[in-house]
Amino acid sequence: MRSINSRRLFSGTGLIVTGLAATLVAMIFPIWSYSDRSGTGVDTLNAQTLSTRYGPLSALDREFVTKVRLAGLWELPAGQQAGERGTTQAVKTAGQHLVEGHTFLDERVREVASRLGLQLPNQPNEQQQAWLGTLSAARGEEYDVQFANILRKAHGKVFGLVAQVRASTRNSLVRGLADDANTTVLDHITVLEATGLVDFDALARDAATASPPPLTNSPAPPGPTDSPSPPVPVSPSPAPSSSPTYTLPPPATSRPPEDDEPKESNEPKKSESSKGESSKGGDNGGDKSEDKKS
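Residues numbered from 1 in each chain as written. Predicted model: local features only at pLDDT ≥ 70, side-chain atom pairs only at ≥ 80, totals over all residues. Heavy atoms only, no water.

### Structural notes on the overall build of the protein chain
What counts, and what does not: In DSSP terms, a helix is any run of H or I states spanning at least four residues, a strand is any run of E spanning at least two, and both are numbered starting from the N terminus. For the exposure calls, accessible area comes from a 1.4 Å probe over protein chains only, and a residue counts as buried if that area is under 20% of its type's maximum, exposed if over 50%, partly exposed in between. Residue contacts are counted whenever heavy atoms from the two residues lie within 4.5 Å of one another. Per-residue accessibility takes into account occlusion by the displayed protein chains alone, with areas from the Shrake-Rupley method and a 1.4 Å probe.
When helices and strands are tallied, the protein chain shows nine helices and zero strands. Counted from the first residue to the last, the protein chain has its helices and strands arranged as α-α-α-α-α-α-α-α-α. Among the 294 residues that make up the protein chain, the fraction classed as buried is 34%. Taking all contacts inside the protein chain whose residues are at least 6 apart in sequence as the whole, residues at least 24 apart take part in 81%. Carbon and sulfur atoms form 56% of the exposed surface of the protein chain, whose accessible area is close to 18,200 Å².

### Comments concerning the confidence of the model for the protein chain
The criterion, for reference: Confidence scores per residue from the predictor, reported as pLDDT, run from 0 to 100.
Per-residue confidence for the protein chain gives a mean pLDDT of 75, with 55% of residues at or over 70. Within the protein chain, the lowest mean pLDDT, 47, falls on helix H9 (residues 272-293), and the highest, 97, falls on helix H7 (residues 172-193). Residue range residues 28-40 is modelled with pLDDT below 50. Its contacts to residues more than four positions away, or to other chains, number nine contacts. Note on residues 272-294: pLDDT is under 50 here. Beyond four places in sequence and across chains, it has one contact.

### Quick notes on the pattern of salt bridges
Here is the rule we go by: A pairing counts as a salt bridge when a side-chain nitrogen of Lys or Arg comes within 4 Å of a carboxyl oxygen of Asp or Glu.
As enumerated under the stated definition, the model contains eight salt bridges in all. For Arg108, the salt bridge identified is with Glu111, shortest N-O distance 3.6 Å. With Arg108 and Glu111 both in helix H4 (residues 89-116), this residue pair falls three residues apart, about one helical turn. One salt bridge connects Glu193 with Arg152, and the closest N-O pair in it is separated by 2.9 Å. You can see Glu193 sitting in helix H7 and its partner Arg152 sitting in helix H6 (residues 140-168), a full 41 residues away along the chain. The class of Arg152 is buried, set by a relative accessible area of 14%. Via salt bridges that share partners, Arg108, Glu111, Arg115 and Asp180 belong to a single interconnected network.

### Overview of H7
Applied cut-off: Here the expected span of a helix is defined as 1.5 Å times the quantity of residues minus one. Throughout, the arc means that of the directions going from the helix axis to the C-beta atoms.
An ideal rise of 1.5 Å per residue puts 32 Å on 22 residues; H7 measures up with 32 Å between its terminal C-alpha atoms. Leu173, Val174, Leu177, Ala178, Ala181, Thr184, Val185, His188, Ile189, Val191 and Leu192 are the residues of H7 that are buried. Buried residues of H7, viewed axially, fall in a sector of 165 degrees; they line one side. Where H7 is buried, its residues touch helix H3 (59-85), H4 and H6.

### Details of the packing of H3 against helix H5 (residues 126-137)
How we decide: Axes here refer to lines fitted to C-alpha atoms; in helices the fit is confined to the stretch in contact. Angles between the N-to-C directions go from 0 to 180 degrees. If an angle is under 35 degrees, it is roughly parallel; if it is over 145, roughly antiparallel; if it lies from 65 to 115, roughly perpendicular; otherwise it is oblique. Gly counts as polar in this scheme, as do all residues outside two lists: the nonpolar Ala, Val, Leu, Ile, Met, Phe, Trp, Tyr, Cys and Pro, and the charged Asp, Glu, Lys and Arg.
Running from amino to carboxyl end, H3 crosses H5 at an angle of 5 degrees, the nearest separation of the two axes being 10 Å. If you check the angle between H3 and H5, you find them roughly parallel. In this structure, H3 uses Leu70, Ala71, Trp74, Ala78, Gln81 and Arg85 to contact H5, whose residues at the interface are Gln128, Trp131, Leu132, Leu135 and Ser136. Grouping the amino acids of the contact of H3 with H5 by side-chain chemistry returns seven nonpolar, three polar and one charged.

### Focus: the nonpolar core
In plain terms, the rule: To define a nonpolar core, start from buried Ala, Val, Leu, Ile, Met, Phe, Trp, Tyr and Cys residues and group those joined through side-chain atoms within 4.5 Å.
Among the nonpolar cores identified, the biggest contains 21 residues, and Phe64, Val65, Leu116, Val174 and Leu177 are the most heavily contacted of them. Sorting the residues of this core by element identifies H3, H4, H6 and H7 as the ones contributing at least two each. When neighbours within four sequence positions are excluded, Val174 is seen to be in contact with Leu57, Asp61, Phe64, Val65, Leu116, Val165 and Thr169. The next biggest cluster of nonpolar side chains, apart from the first, holds 17 residues, and it includes Ala82, Val91, Ala138 and Val191.

If you want it as structure tokens, here you go:
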């Protein structure tokens, strides 16, 4: 009888101990699987971050540089088109701001990519080409509405990425580019909204239902690379044969400079001609004084 009772006691105690051990393992497993394993959190950041002379360059930094270039590849032609097809002065003004802003940003992003040794795309992606096609198919007031809303929606998404990069980047070149992009994108948002055609309810619904967009393939790591092939001019299509074409920005170059060139002195150098003129001026002044004395 005693042996039976002891067996039952041992069996019950064993079940309790087993249950407690299982509970402890279940509590420890998430900590091991998500905090210490690679592929999550800080481990992902460190694994995808590259060292450069301007500071660490993360995957998000490279994604941002790529998207700045892509934005200019389709928004610059769209701005040129708006200046010609827009039916209101507000739409034409917004188009002019897009051309000026992305001309400036494209020069900046190509400079940054060259210093970091990153390759850049030379033509818009499929979605951006589809937007250009939608704008080309529209006419009159419908064009104005499509232009204001497509561009405003696109700028709103980029604006969030700029803020995220500016808040987290450890790379000085990317930080400066983010500052310029923030100013430019906010200006474009403002002038697009000034057209009075932006559907803010549609923007709010889209923001509430949109899922996080997939990342673009990260550019190549820093290092000397071959220059990308020349860009293929993308004109809004379809368009009548009499319509002008819209050229893309210059092709990007990705070979970083070996050393920063020393800045030249800002002191103006006097040319020989200026010296001669000054001496002549002195002679003329002397003649005048002699005339006064006489």
